[in-house]
Amino acid sequence: MYRISVVSLLPELVEPVSRVGVVGRACDRGLLSIEQVSPRDFAPDRRRTVDDRPYGGGPGMVLKYEPLRDAIRSARSRLPEGSAERTLSAQGRPFDQELAQKLAVGPGLLLVAGRYEGIDERIIQGEVHEELSLGDFVLSGGELAAAVVIDAVARLIPGALGHEASSQEDSYTSGLLGHPQYTRPESVDDMRVPEVLVEGHHEAIRRWRLKQALGKTWLRRPVLLESRILSAEEQMLLQEFIEEHEA
Ligand code: 9D3
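What counts and how
Residues numbered from 1 in each chain as written. Predicted model: local features only at pLDDT ≥ 70, side-chain atom pairs only at ≥ 80, totals over all residues. Heavy atoms only, no water. Pairing = 2+ DSSP bridges. Helix = DSSP H or I, 4+ residues; strand = E, 2+ residues; numbered from the N terminus. Right-handed = clockwise from strand over helix to strand, strands pointing away. Contact = heavy atoms within 4.5 Å. Buried < 20%, exposed > 50% of the residue type's maximum accessible area, 1.4 Å probe, protein only. Near = heavy atom within 4 Å. Polar contact = N/O pair within 3.5 Å; in protein donor to acceptor, adjacent residues only side chain to side chain. Areas by Shrake-Rupley, 256 points an atom, 1.4 Å probe, with all protein chains shown as cover. Nonpolar A, V, L, I, M, F, W, Y, C, P; charged D, E, K, R; others polar. Axes fitted to C-alpha atoms, helices over the stretch in contact; angles between N-to-C directions. Salt bridge = Lys/Arg side-chain N within 4 Å of Asp/Glu carboxyl O.

Participant: Any details on the pairing of strand β5 (residues 84-94)? Residues and values, ideally.
Facilitator: Across five bridges, β5 lies against strand β6 (residues 108-113) in parallel orientation. Across the sheet, residue T87 finds its bridge partner in β6, namely V112. As for the winding sense of the linkage, the β-α-β connection from β5 through helix α4 (residues 97-104) to β6 is right-handed. As paired strands, β5 and strand β7 (residues 131-133) are joined by four bridges and run parallel to one another. Each residue of the ladder has a partner; that of R93, found in β7, is L132.

Following this line, the structure appears as structure tokens:
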């Protein structure tokens with residue numbers, strides 16, 4: 001069983017992912033367990049203080065060292081040896097599918113979500129060294145980012161997607177944006193499903209989908225194509241797409 005522990009001040013924000021959908025089912029099937037630990041339960045004072053004013057001044061508050069350290073150590077003590085550990089912060093290295101795949105190897109994952117202006121830097125120095133970000137936009141805290149990481153990792157745990165689907169994309173579409181999808185009806189509001197999909201020739205469909213995936217990636221995320229070696233067939237399909245696009 002893959003074990004995840006989340007240290008955060010707002011477990012209510014993370015919890016829904018562990019109850020529904022792919023992640024919820026993985027928990028129900030006993031493939032995954034998700035535990036929540038709050039630094040508030042480790043604050044020694046009557047008011048259960050977890051934040052304080054930043055040294056050097058400035059707006060907002062900073063998550064205090066000791067309650068966060070103790071919550072992290074408590075969570076760590078109940079995770080398997082060799083579990084990965086990450087904090088979620090706007091200053092982190094960008095999270096991507098390659099890291100999701102590494103984390104999914106297991107045996108467990110400790111996620112620390114910040115709040116307010118951030119966490120005391122000594123937590124990163126002394127406890128959880130690696131920081132992850134979801135990208136260049138500002139969230140109010142790390143909890144939703146932790147939920148995103150849990151979703152991306154959990155669906156890669158063997159068995160989590162059930163028998164019907166595979167998390168291992170076909171190798172030839174990995175690193176590309178998805179191709180367009182259609183379902184019934186064949187015609188609606190004067191828009192038709194592309195004929196090639198209706199005709200049902202598997203090889204023609206495979207080529208059409210690959211061409212659309214390459215073309216959409218070229219249009220929207222050209223950098224993704226730079227780090228990918230294109231086969232002769234892919235180069236030809238992309239060339240066709242570009243010519244049709246420019247026409
Ligand atoms: C507006 C405050 N910012 C000043 C430059 C710093 C800042 C502090 C705390 C920005 C964001 C946050 C809270 N964000 C996260 O904890 C976070 C996050 C994010 O904001 N964007 C993308 N990924 C992540 S992961 C955690």
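Participant: Which residues make up the environment of R3, and what values do they have?
Facilitator: Looking at where R3 falls in the secondary structure, it is placed in strand β1 (residues 2-7). Leaving out residues up to four positions away in the same chain, R3 has contacts with S33, R78, L79, P80, P107, G108 and L109.

Participant: Can you tell me about the environment of R86, naming the residues and giving the values?
Facilitator: Position of R86 among the secondary structure elements: in strand β5. On the basis of relative accessible area, R86 is assigned to the buried category, the value being 14%. Separated by 43 residues in the primary sequence, R86 and H129 have C-alpha atoms spaced 7.1 Å apart. Those residues in contact with R86 that lie beyond four places of it in its chain are L99, L103, L110, L111, V112, V128, E130 and L132.

Participant: An account of the site of the ligand is needed here, citing residue identities and associated values.
Facilitator: Around the ligand sit 15 residues, and of these L134, G135, F137, L139 and G142 come closest. Contacts to the ligand include S133, whose side-chain N or O atom sits 3.4 Å from a nitrogen atom. In this structure, an oxygen atom belonging to the ligand sits 3.3 Å away from a main-chain N or O atom of G142. When isolated, the ligand has an accessible area of 580 Å², and the protein chains bury 72% of it. When contributions to the shell around the ligand are tallied by element, the ones reaching two or more residues are β5 and β7. Examining the composition of the shell around the ligand, we find that three residues originate from one element, β5, more than from any other. Residue composition of the shell around the ligand, grouped by class: nine nonpolar, five polar and one charged.

Participant: Give me the lowdown on the sheet that holds β1, citing residues and values where you can.
Facilitator: Ordered by their spatial adjacency, five strands build an open sheet running β2-β1-β6-β5-β7, and the pairing between neighbours is parallel. Looking at the sheet topology across the chains shown, the edges are occupied by β2 (32-37) and β7. In this sheet, neighbouring strand axes are inclined to one another by 30 degrees on average, regardless of whether the strands run parallel or antiparallel. Sheet strands touched by α4: β1, β5, β6 and β7. Its angle to β5, the strand with the most contacts, is close to 165 degrees.

Participant: Describe the pattern of salt bridges, listing the residues and the values that go with them.
Facilitator: Following the criterion strictly, the structure yields 19 salt bridges and no others. The closest approach of N and O atoms between R78 and E35, which form a salt bridge, is 2.3 Å. Taken together, the residues R78 in the loop between α3 (65-77) and β5 and E35 in strand β2 connect sequence positions 43 residues apart. Since its relative accessible area comes to 26%, E35 is described here as partly exposed. In this structure, E244 engages K211 in a salt bridge whose closest nitrogen and oxygen atoms are separated by 2.9 Å. With a gap of 33 residues between them, E244 in helix α10 (residues 232-246) and K211 in helix α8 (residues 202-220) connect regions that are remote in the sequence. Of the residues examined, K211 reaches a relative accessible area of 10% and is grouped as buried. Here the salt bridges do not stand alone but share partners, grouping R73, R76, E85 and E127 into one network.

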